[in-house]
Amino acid sequence: MELRHLQALLGIADHGGFSAAADALGTVQSNISAHVARLERELGAVLVDRSSGRLTEEGAVVVDRSRRMMAELDALVADVAAMSREVVGLVRIGVIGSTGRWLIPQLFEQLRAQHPRVQVSATDGINSTLEPRLLSGELDLAVVALPVLLDELSATPLFEEDLVLVVPVDHPLADRETPLPISVLADLELLLPMPHTALRADIDAACRRAGVSLHSAMEVDGVRLIASLTFDGYGPAILPATAVPEHMRDRFCLLSLEDFPRRRVGVTLRQRGLPSAPTRAVIDLLYAIVAQPKRRPEGLHRLHQNN
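Please read all numbers here as calculations on a predicted model, not as lab measurements. (Residues numbered from 1 in each chain as written. Predicted model: local features only at pLDDT ≥ 70, side-chain atom pairs only at ≥ 80, totals over all residues. Heavy atoms only, no water.)

A. Main features of the overall build of the protein. The helix and strand inventory of the protein stands at nine helices and twelve strands. Across the 307 residues of the protein, 48% fall into the buried class. Long-range contacts, defined as pairs at least 24 residues apart, comprise 75% of the intrachain contacts of the protein with a sequence gap of at least 6. Within the structure as shown, the protein displays about 15,400 Å² of accessible surface, and the carbon and sulfur contribution to it stands at 50%. The protein carries 31 positive and 39 negative side-chain charges, and their two centres are separated by 6 Å. (Helix = DSSP H or I, 4+ residues; strand = E, 2+ residues; numbered from the N terminus. Buried < 20%, exposed > 50% of the residue type's maximum accessible area, 1.4 Å probe, protein only. Contact = heavy atoms within 4.5 Å. Areas by Shrake-Rupley, 256 points an atom, 1.4 Å probe, with all protein chains shown as cover. Lys, Arg positive; Asp, Glu negative; His and termini not counted. Charge placed at Lys NZ, Arg CZ, Asp CG, Glu CD.)

B. Representation of the packing of helix α2 (residues 18–25) against helix α3 (residues 29–43) within the structure. Interhelical geometry of α2 versus α3 gives an angle of 110 degrees and a closest axis separation of 8 Å. Comparing their axes, α3 and α2 come out roughly perpendicular. Of the residues in α3, those touching α2 at Phe18, Ser19, Ala21, Ala22 and Leu25 are Gln29, Ile32, Ser33 and Val36. Of the residues in the contact of α2 with α3, the class split is six nonpolar, three polar and no charged. (Axes fitted to C-alpha atoms, helices over the stretch in contact; angles between N-to-C directions. Parallel < 35°, antiparallel > 145°, perpendicular 65-115°, else oblique. Nonpolar A, V, L, I, M, F, W, Y, C, P; charged D, E, K, R; others polar.)

C. Representation of the nonpolar core. Core analysis: the largest hydrophobic core is formed by 40 residues, its most contacted members being Leu107, Leu141, Val143, Leu158, Val282 and Leu286. Contributions of two or more residues to this core are made by β3 (89–96), α5 (97–114), β4 (118–125), α6 (127–136), β5 (141–145), β6 (153–168), β11 (262–270) and α9 (277–291). The dominant element in this core, judged by the number of residues it contributes, is α9, at nine residues. (Core = buried A, V, L, I, M, F, W, Y, C linked by side-chain atoms within 4.5 Å.)

D. Broad picture of the environment of Val184. Note on placement: Val184 falls in the loop between β6 and β7 (189–193). On the accessibility criterion, Val184 (10% relative accessible area) is buried. Residues Val184 and Pro132, 52 residues apart in the sequence, show an inter-C-alpha distance of 37 Å.

E. Main features of the pattern of salt bridges. Summed over the entire model, instances satisfying the criterion amount to 15 salt bridges. Between Glu160 and Arg264 there is a salt bridge, with the nearest N and O atoms lying 3.9 Å from each other. Taken as a pair, Glu160 in strand β6 and Arg264 in strand β11 lie far apart in primary sequence, 104 residues in all. The salt bridge involving Arg249 is made with Glu298; its shortest N-O contact spans 3.5 Å. In this pair, Arg249 is assigned in the loop between β9 (237–240) and β10 (252–255) and Glu298 in the loop between α9 and β12 (300–302), connecting sequence segments 49 residues apart. Several salt bridges converge on common partners, so that one network encompasses Glu160, Asp162, Arg262 and Arg264. (Salt bridge = Lys/Arg side-chain N within 4 Å of Asp/Glu carboxyl O.)

F. Focus on the packing of α5 against α9. Packing of α5 against α9 brings their axes to within 10 Å, and their N-to-C directions diverge by 115 degrees. The hand of the α5/α9 crossing is right-handed. Residues Trp102, Leu103, Gln106, Leu107, Gln110, Leu111 and Gln114 of α5 touch α9, and the partners they reach there are Val282, Leu285, Leu286, Ile289 and Val290. Partitioned by chemical class, the residues of the contact of α5 with α9 number nine nonpolar, three polar and no charged. (Left-handed = near helix turned anticlockwise from the far one by under 90°.)

G. Spatial organisation of α3. Taking 1.5 Å of rise per residue, the 15 residues of α3 would be expected to cover 21 Å, and the 21 Å separating its terminal C-alpha atoms lies within 8% of that figure. Looking at the residues trailing α3, positive phi occurs at Gly44, about 70 degrees. (Expected span 1.5 Å × (residues − 1).)

H. The arrangement of the packing of aromatic side chains in detail. For the structure shown, the criterion picks out two aromatic pairs. Ring centres of Phe231 and Phe252 lie 5.2 Å apart, and the angle between their planes is 55 degrees; on these two criteria the pair is classed as tilted. Placement of the pair is Phe231 in helix α8 (residues 223–231) and Phe252 in strand β10, with a sequence separation of 21 residues. (Phe/Tyr/Trp six-rings, centres within 6.5 Å; stacked < 30°, edge-to-face > 60°.)

I. Examining a nonpolar patch on the surface more closely. On the surface, a nonpolar cluster with roughly 240 Å² of combined accessible area is contributed by Leu3, Met69 and Leu73. Assignment of secondary structure puts Leu73 in helix α4 (residues 57–84). (Patch = residues over 30% accessible without salt bridge, like charges linked within 9 Å, V, L, I, M, F, W, Y side chains within 5 Å.)

J. Seen up close, unusual backbone geometry. Put simply, Leu146 and Pro147 share a cis peptide bond, and its omega is 5 degrees. Structurally, Pro147 is set in the loop between β5 and β6. Along the chain, Thr178 connects to Pro179 via a cis peptide bond; the corresponding omega equals 10 degrees. Turning to its location among the elements, Pro179 is positioned in the loop between β6 and β7. One non-glycine residue with positive phi stands out, namely His196, at about 75 degrees. Structurally, His196 is set in the loop between β7 and α7 (198–210).

K. Just the side chain of Thr99, in detail. As for its position among the elements, Thr99 is in helix α5. Thr99 gets classed as buried once you look at its relative accessible area, which sits at 0%. Setting aside chain neighbours within four positions, we find Thr99 in contact with Val143, Phe159, Glu161, Arg263 and Val265.

So, in structure tokens, the structure goes:
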């Protein structure tokens with residue numbers, strides 16, 4: 001089994017067929033076909049359905065493993081290079097949208113100053129999309145809400161942020177003194193996160209402790225989408241403070257709630273394999289950014305017990 005055989009299969013997975021894979025890899029279709037056929041013979045399984053150009057179940061398993069192998073090879077090259085000269089390489093980072101809005105610009109700024117030869121490819125998303133991509137090797141690290149659901153991932157807390165009730169400035173609750181009792185939520189129709197998400201678990205746990213039942217106007221997957229719907233007038237929501245950008249704060253009130261938890265956000269990696277030198281440099285910068293009070297948005301709090 002050779003790397004070029006695995007690269008051919010990855011090309012098919014990423015680009016949708018033999019011809020597209022050949023174009024992307026700068027070769028001819030016959031070479032792609034030969035590499036995949038050799039791989040299939042060695043593994044004793046059909047990896048690509050020739051009629052559709054799609055991966056079989058066996059092919060999908062091989063692709064998942066191959067991505068991790070390629071990520072480890074990239075990390076090996078970057079680590080060796082970092083031992084003899086400055087840190088060089090590409091880091092593919094996934095980040096939840098409400099955090100990415102303020103964190104990614106600062107990360108780019110710090111990289112230019114301290115590690116100009118480290119490139120970052122940033123993808124925003126939600127936990128349910130970022131965690132599988134990290135596990136498959138498509139991402140090198142992810143900044144997501146805690147806890148993570150996949151056992152194969154490890155997470156280290158980065159920061160926590162206030163969860164607040166967001167209402168328009170003309171809402172009846174807007175003039176009330178805060179923190180408000182959690183009981184006020186019983187009278188509202190809220191835009192809520194989907195069940196089984198980290199944010200929804202935090203909200204439900206706090207309301208259970210207070211004996212409050214929530215009424216859902218809509219359940220939505222993704223903090224940034226919930227915030228957009230709230231801004232467009234579809235209803236109040238419980239959101240992390242950073243989900244409300246500064247330019248919206250003259251139109252919406254962020255109301256604190258008694259005995260309400262904070263959302264925890266952390267840096268997540270694959271349990272198996274070591275992060276590359278560029279990835280470690282990016283992680284160090286993430287913690288350095290959060291450690292500086294002037295760089296933290298209002299409502300965000302540094303966690304001191306990072307490992």
